[in-house]
Amino acid sequence: MSNHWFLTGASSGIGRHLAELILAAGDDLTATARRPESLDDLAAKYPSQLRVEALDVTVKDDIAAVVARAQARRPVDILVNNAGGGVIGATEEMSDAEVEGQIALNLMAPIHITRAFVPAMRLRGSGRIIQISSASGQGSLPTSSLYHAAKWGLEGFSECLRQELEPFNCPSSEHSAQLAAYISGVRTSSGG
């Protein structure tokens, strides 16, 4: 049986590539993007597998409705929090809006989205949560302090979440290498 994935930040980069791999493997996908029209070509190619939802992950009040629609379609098996981005500059030169934006996008959004899915996964006793993090969550470089702060926070959140969910058979991991291995396994087992 195929999986139902929920993927944030699916319009470009890693998210777009993951969407293509998930769909090619025959799985169902609810893909979110600030610009949903960027996925029109995939929606046309995979009309029965793909649902595209407009979502700015930093708008907390919009998350619950999008998650509810995805879950109503079919329970979500795998959540991938991929949406993210960085602002480069000296810490003291960043505006308050840039500081708050980095934390909202790279830390708070994955926390809010994860919290929206966890109750159903616990109840079912299954599910997988994958946080796309960065080496920036384990090291640091100058001029990226807020990106690093958010990714360090995401790493800490993910590690605690993993421990909380293990008894419920809902593994949580933050490493994109594990996701790549999982996708490869899906493709191999489906003949892709």
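We now turn to the structure provided with this report. The structure displayed is predicted, hence computed values, not measured ones. (Residues numbered from 1 in each chain as written. Predicted model: local features only at pLDDT ≥ 70, side-chain atom pairs only at ≥ 80, totals over all residues. Heavy atoms only, no water.)

## A look at the overall build of the protein
Each helix and strand counted, the protein has six helices and six strands in total. When the elements of the protein are put in sequence order from the N terminus, they spell out β-α-β-α-β-α-β-α-β-α-β-α. Classification of the 192 residues of the protein by burial places 44% in the buried group. Here the contacts in the protein between residues at least 6 apart in sequence split such that 63% fall between residues at least 24 apart. (Helix = DSSP H or I, 4+ residues; strand = E, 2+ residues; numbered from the N terminus. Buried < 20%, exposed > 50% of the residue type's maximum accessible area, 1.4 Å probe, protein only. Contact = heavy atoms within 4.5 Å.)

## Overview of the layout of surface pockets
Taken as a whole, the largest pocket spans an internal volume of roughly 450 Å³. As for the largest pocket, its lining consists of 25 residues, and the residues nearest its centre are G9, N82, A83, G84 and G85. For the lining of the largest pocket, the element with the most residues is helix α1 (residues 13–24), which contributes three residues. (1 Å grid on protein atoms, 1.4 Å probe; cavity = no way out; pocket = protein on both sides within 12 Å on 5 of 7 lines; lining within 4 Å. Points joined across faces, edges and corners; volume = space filled by probe spheres on them.)

## Some words on the side chain of N81
Within the secondary structure, N81 sits in strand β4 (residues 78–81). Among the polar contacts made by the side chain of N81, one reaches the main-chain carbonyl oxygen of P110 at a distance of 3.4 Å. Beyond its immediate chain neighbours, meaning those up to four positions away, N81 contacts T8, P110, I113, T114, I130, Q131 and I132. (Polar contact = N/O pair within 3.5 Å; in protein donor to acceptor, adjacent residues only side chain to side chain.)

## Digging into the packing of helix α3 (residues 60–73) against helix α4 (residues 96–124)
Axis separation between α3 and α4 bottoms out at 8 Å; the angle between their running directions is 35°. For the element pair α3 and α4, the recorded crossing hand is right-handed. Contacts between α3 and α4 involve K60, I63, V67 and Q71 from the first element and H112, I113, A116, F117, A120 and R124 from the second. Across the contact of α3 with α4, the residue classes tally to six nonpolar, two polar and two charged. (Axes fitted to C-alpha atoms, helices over the stretch in contact; angles between N-to-C directions. Left-handed = near helix turned anticlockwise from the far one by under 90°. Nonpolar A, V, L, I, M, F, W, Y, C, P; charged D, E, K, R; others polar.)

## Observations regarding the pattern of salt bridges
By the definition in use, this model includes nine salt bridges. In this structure, D41 and R16 form a salt bridge, with 2.5 Å as the shortest nitrogen-oxygen distance. Here the residue D41 occupies a position in helix α2 (residues 40–45), and R16 occupies one in helix α1, the gap between them amounting to 25 residues. Judged by relative accessible area, D41 falls into the partly exposed class, the value being 43%. Owing to a relative accessible area of 16%, R16 belongs among the buried residues under this scheme. Its salt-bridge partner being D28, residue R73 comes within 3.9 Å of it at the nearest N-O pair. Placement of R73 in helix α3 and of D28 in strand β2 (residues 28–33) is noted, with a sequence separation of 45 residues between them. (Salt bridge = Lys/Arg side-chain N within 4 Å of Asp/Glu carboxyl O.)

## Section: the pairing of strand β5 (residues 128–131)
Of the strand pairs in this sheet, β4 and β5 are connected by four bridges, and their pairing is parallel. Within β5, the position partnered with L79 by the bridge is I129. At this point the chain moves from β4, through α4, to the parallel β5, and the crossover so formed is right-handed. (Pairing = 2+ DSSP bridges. Right-handed = clockwise from strand over helix to strand, strands pointing away.)

## Describing the pairing of β4
Burial along β4 is two-sided: the residues I78 and V80 and L79 and N81 are all buried. Pairing analysis gives three bridges linking strand β1 (residues 4–7) to β4, with the strands arranged parallel. When the bridges of β4 are listed, L7 appears paired with V80.

## Some words on the nonpolar core
Grouped together as the largest cluster of nonpolar side chains are 24 residues, with contacts concentrated most on F6, L79, I113, F117 and I129. For this core, the secondary-structure elements that each account for two or more residues are α3, α4 and α5 (145–165). No other element matches the seven residues that α4 contributes to this core. Those residues in contact with L79 that sit more than four places away from it in its chain are F6, I113, T114, F117, M121, R128, I129 and I130. With 18 residues, the next largest nonpolar core counts L18, A31, L39 and I130 among its residues. (Core = buried A, V, L, I, M, F, W, Y, C linked by side-chain atoms within 4.5 Å.)

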